[in-house]
Amino acid sequence: MAIGTRTNIGTTQSTAESTTISLSTIAAVSSGDTIVVASLSRNSSGAAATLSDSAGNTYALAVSDYSAVRTTSFALHFVANALALSSGQTLTIEWTTTVAVNQKAVSAFKVSGITTSTAALDATGTATGQSTTPSVTSGGTVQADELVVGAVAFRDNGTVFTQDSSYATPPVEIYSPTSAGVAQARNIGGGNLVATSTATFTYAPEVGSTLLWIAMIATFTAATSTGAEAALAGHGLLLGRSRNKLAFTGMRERVPEHLSCQSVGHALPLPSGFVISP
């Protein structure tokens, strides 16, 4: 199954003294989509983040890092096979610390076509440094078609973020500005690409001045087509799939209940509940 369009569902930031931040979604999430969330907070304890939303989705940690010298916690979370969220609903991030944090930022997006379980997470990587060229490399991926997500947190005011040329947003850039007693802003930048071969992947954007950064990368496996979809595609009939509906091309006659798939060597039934749209 092809990985779908990656769509920003919202960004937010806050300098309020608190341990939580909430994002109001700007795009609807369909049932079965995957949601990926990058979040950072300024804190001195390495506090972990937990996520929740209006639909009751359960978020899993993909990768995280904490840097004491940067006083920044940074993480990528995801939920596979999401429950539907309407535009305007709430995603909340809470940091497990008793000390309020006054710089927080979040960037979230949705995508379809990802394996619908936490097993979707494949390779990850983290790195830290001080330079104009953040860079992080993943482990080797297990299948050719995967979504690769890179993100970087950096600490500076007014720095220009230049996307890695192999990647595209989302995640959308967001920064938490300076606040009382805090001289430097905290920023999130990120990007994604759809892989077509197994490999290790590097995310390497640029920033406008030498500064401290944390970078991370995670890959997510594409969902595999059902046997029936593979059979239909082999007959040149399958045009696309949207949830429980199959769309076909070049046909006006009735499709039989069983289609022969010579490459598999046996007939494959169409799944119950599928609708054929000429």
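That block above? That's the structure.
Described below are features of the structure shown in this document. As the structure is a computational prediction, the values presented were derived from the model and not from experiment.

1. Side note on the side chain of K104
Here is step 1 of the chain: Relative to the assigned elements, K104 resides in strand β8 (residues 104-111).
Here is step 2 of the chain: No salt bridge is formed by the buried K104; the nearest opposite charge belongs to E17, separated by 6.9 Å.
Here is step 3 of the chain: Here K104 is in contact with T12, Q13, S14, A16, S18, T20, I21, L40, S41, W95 and S176, once residues within four sequence places are set aside.

2. Quick notes on the nonpolar core
Here is step 1 of the chain: Core analysis: the biggest nonpolar cluster contains 27 residues, and F74, L76, L147 and F220 have the highest contact counts within it.
Here is step 2 of the chain: Counting only elements with at least two residues in this core, the list comes to β3 (34-42), β5 (60-67), β6 (72-79), β8, β11 (146-155) and β17 (211-221).
Here is step 3 of the chain: Once residues lying within four places of it in the same chain are set aside, the contact partners of F74 are A38, S39, L40, V63, S64, D65, A151, V152, A153, I188, I214 and M216.
Here is step 4 of the chain: Ranked by size, the runner-up nonpolar core spans 19 residues in total, among them V29, A47, L91 and W95.

3. So, the sheet that holds strand β7 (residues 90-95)
Sheet strands pair by backbone hydrogen bonding; their relative direction is either parallel or antiparallel.
Here is step 1 of the chain: Pairing in this open sheet of three strands is antiparallel, and the strands run β2-β7-β4 from one edge to the other. A strand with exactly one partner marks an edge of an open sheet, and here the two such strands are β2 (20-24) and β4 (49-53). Pairs of neighbouring strands in the sheet enclose a mean axial angle of 20°, with direction left out of account.
Here is step 2 of the chain: In terms of strand pairing, β2 meets β7 through five bridges, oriented antiparallel. Directly across from L23, in β7, lies its bridge partner L91.

Criteria and thresholds
Residues numbered from 1 in each chain as written. Predicted model: local features only at pLDDT ≥ 70, side-chain atom pairs only at ≥ 80, totals over all residues. Heavy atoms only, no water. Helix = DSSP H or I, 4+ residues; strand = E, 2+ residues; numbered from the N terminus. Buried < 20%, exposed > 50% of the residue type's maximum accessible area, 1.4 Å probe, protein only. Lys, Arg positive; Asp, Glu negative; His and termini not counted. Salt bridge = Lys/Arg side-chain N within 4 Å of Asp/Glu carboxyl O. Contact = heavy atoms within 4.5 Å. Core = buried A, V, L, I, M, F, W, Y, C linked by side-chain atoms within 4.5 Å. Pairing = 2+ DSSP bridges. Axes fitted to C-alpha atoms, helices over the stretch in contact; angles between N-to-C directions.

Scope: geometric values only; no functional claims are made or implied.
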